[in-house]
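# Chain and residue survey
Okay, here's what each chain looks like letter by letter:
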Amino acid sequence: MIKTLAKFLVAALLIGWLISSGKLDFSLVKRLISESKNWIYAIIFMVIQINLASFRWRALLKTKSKEKLPPLKLMSLNWIGQFFNTFLPGAVTGDLIKLLYARDLDKSLPKTFLVMTAFIDRILGLVGLIFLTGIFTILNYEEMITISPKMKALLPFNGLLFLGSLVFLASLFLPQRLQVMILKISQKIPLLGSKIATTFEQVWSIGKSKSTVLFGVAISCVLQFGNIFCFWLVTEPFIDIKVPVGQLFTFIPIGMISTAIPISPAGLGVGHVIFEKLFKLVNINGGASLFNLFFVITVATNLLGAIPYLLSKKHSIKEADEFEHSEA
């Protein structure tokens, strides 16, 4: 309860500061709806993206599950996860509730494996975003440096993230000999050794299916391109300096990553502040207000996840908490 209140307090303080300093203009939301149809197109794209993302998670589950795992059912569960991730403090609550439903589909799947599928699913989404960021940073490096010398500090950071994502993917495909060696070492760690070893085993069980991982990265790239495109759709009419979609990939992903950190509900306040700073790097004013447009459209879309939750057998937050603290 204290953590929940603290997160809402952080969000309220940040939003209050942005409003009092004139950095957040809520009137843009009304203008977006009244002056443009781009918000409709953005919601359509987001609905498609959430449905497509379920196929990435389904592919991960199928590396161990022997059940059919109906695609429409997995889409429904993905929507439920999106809903709870948005409207409950903390980024993992929705994933845990989603995993409870997944366990109903195949009770033979161990908890550790289910948690790993949710974790790898998120990481692959992040890898797709970083891949695109790395590619567009290379393509637009000289142009972005010319637009704003301040980008010199950010663009190399994009390169480091890209290298980090490659290292992570390589770790999924470690040779069997190295896996065995790491498992033996991890098992000797006091208290946590067995749990660490079990976690490694579940991660590598997914990595055995290279086609699944590569499919996950490919679909993640498609989804993240669509995500940035949606951001461009809703903000383009109000940006005082026109920016091609490709150039947005050199700085918008850093803001997207920051909103995934569970400091506040759905990145409320934190994302607004980060995007205010990021847009300043390329000499664009009103970054907090521009992000607010994307934030409102995203929240409105994720609200649709309440429909499959109300139509399904309901799992409670208490059950999710018990699942989180249960034995593997």
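Quick look at the structure, then. (Residues numbered from 1 in each chain as written. Predicted model: local features only at pLDDT ≥ 70, side-chain atom pairs only at ≥ 80, totals over all residues. Heavy atoms only, no water.)

### Details of helix α4 (residues 71-87)
With 17 residues, α4 extends 25 Å from end C-alpha to end C-alpha; this agrees with the ideal 24 Å at 1.5 Å per step. Counting buried residues along α4, 12 of its 17 residues qualify, which places the element largely inside the surrounding structure. Taken as a whole, α4 has its buried residues at Leu74, Met75, Ser76, Leu77, Asn78, Trp79, Ile80, Gly81, Phe83, Phe84, Asn85 and Thr86. Packed against the buried residues of α4 are α3 (38-61), α5 (93-105), α6 (111-147), α14 (287-302) and α15 (306-311). (Helix = DSSP H or I, 4+ residues; strand = E, 2+ residues; numbered from the N terminus. Expected span 1.5 Å × (residues − 1). Buried < 20%, exposed > 50% of the residue type's maximum accessible area, 1.4 Å probe, protein only. Contact = heavy atoms within 4.5 Å.)

### Description of the packing of aromatic side chains
Applying the stated rule across the entire model yields 16 aromatic pairs. Centre to centre, the rings of phenylalanine 45 and phenylalanine 229 are 5.3 Å apart; their planes meet at 75°, and the pair counts as edge-to-face. Here phenylalanine 45, found in helix α3, pairs with phenylalanine 229, found in helix α10 (residues 210-235); they are 184 residues apart in sequence, far enough to count as distant. On the basis of relative accessible area, phenylalanine 229 is assigned to the partly exposed category, the value being 22%. Taking 5.5 Å as the distance between ring centres and 20° as the angle between the ring planes, the aromatic pair formed by phenylalanine 225 and phenylalanine 249 counts as stacked. Here phenylalanine 249 lies in the loop between α11 (245-248) and α12 (252-260) and phenylalanine 225 lies in helix α10, a separation of 24 residues in the sequence. (Phe/Tyr/Trp six-rings, centres within 6.5 Å; stacked < 30°, edge-to-face > 60°.)

### Looking at a nonpolar patch on the surface
On the surface, a cluster of nonpolar side chains totalling about 510 Å² of accessible area is made up of Ile40, Tyr41, Ile44, Phe45, Ile48 and Leu52. With respect to the helices and strands, the residue leucine 52 is situated in helix α3. For leucine 52, a relative accessible area of 32% gives the class partly exposed. (Patch = residues over 30% accessible without salt bridge, like charges linked within 9 Å, V, L, I, M, F, W, Y side chains within 5 Å. Areas by Shrake-Rupley, 256 points an atom, 1.4 Å probe, with all protein chains shown as cover. Salt bridge = Lys/Arg side-chain N within 4 Å of Asp/Glu carboxyl O.)

### Examining the pattern of salt bridges
Here the structure, examined in full by the defined rule, presents 5 salt bridges. Note that glutamate 35 and arginine 31 form a salt bridge whose closest N and O atoms lie 3.2 Å from each other. Remark: arginine 31 and glutamate 35 occur in helix α2 (residues 27-35); sequence separation between them is 4 residues, near one turn of the helix. Residue glutamate 35 is classed as exposed on the basis of its relative accessible area of 53%. Given a relative accessible area of 36%, arginine 31 falls into the partly exposed group. With its nearest N and O atoms 3.6 Å apart, the salt bridge here joins lysine 107 to aspartate 104. The structure contains a network of salt bridges with shared partners spanning Asp95, Lys98 and Arg122.

### Quick word on the environment of threonine 133
For threonine 133, the location among the structural elements is in helix α6. Relative accessible area serves as the criterion here: at 4%, threonine 133 is assigned to the buried category. Sequence separation between threonine 133 and cysteine 221 is 88 residues, and the spatial gap between their C-alpha atoms is 9.9 Å. Once you skip the residues sitting within four places of it in the chain, threonine 133 turns out to touch Asn158, Phe249 and Pro253.

### Some thoughts on unusual backbone geometry
Backbone geometry places leucine 69, a non-glycine residue, at a positive phi of 50°. When you line up the elements, leucine 69 lands in the loop between α3 and α4. Residue classification places leucine 69 among the buried residues on the basis of a relative accessible area of 3%. The backbone phi angle of asparagine 283 is positive, close to 65°, even though this residue is not glycine. Judged by relative accessible area, asparagine 283 falls into the partly exposed class, the value being 39%.

### Section: helix α8 (residues 176-187)
With 12 residues, α8 should reach 16 Å at 1.5 Å per residue; the first-to-last C-alpha distance of 16 Å fits that figure. Within α8, burial applies to Gln179, Leu183 and Ser186. One face of α8 carries all of its buried residues, which in axial projection span an arc of 70°. In this structure, α8 carries Arg177, Lys184 and Ile185 as exposed residues pointing more than 90 degrees from its buried face. Summarising the contacts, the buried residues of α8 are in contact with α9 (193-207). (Arc of directions from axis to C-beta.)

### A word on the packing of α5 against helix α16 (residues 317-325)
Running from N to C, α5 and α16 cross one another at 85°; their axes reach a closest spacing of 9 Å. The pairing of α5 with α16 is recorded here as roughly perpendicular in orientation. Across from Leu96, Ile97, Leu99, Leu100 and Arg103 in α5, the residues of α16 making contact are Ile317, Glu319, Ala320, Phe323 and Glu324. Its residues assigned to classes, the contact of α5 with α16 shows 7 nonpolar, no polar and 3 charged. (Axes fitted to C-alpha atoms, helices over the stretch in contact; angles between N-to-C directions. Parallel < 35°, antiparallel > 145°, perpendicular 65-115°, else oblique. Nonpolar A, V, L, I, M, F, W, Y, C, P; charged D, E, K, R; others polar.)

### Some details on the nonpolar core
Counting residues in hydrophobic clusters, the biggest one holds 77 residues, and the most contacted among them are Phe251 and Ile252. With 14 residues, α6 is the single largest residue contributor to this core. Once residues lying within four places of it in the same chain are set aside, the contact partners of isoleucine 252 are Ile228, Phe231, Phe275 and Phe279. Residues Ile15, Leu18, Leu24 and Val273 belong to the second largest nonpolar core, which totals 5 residues. (Core = buried A, V, L, I, M, F, W, Y, C linked by side-chain atoms within 4.5 Å.)

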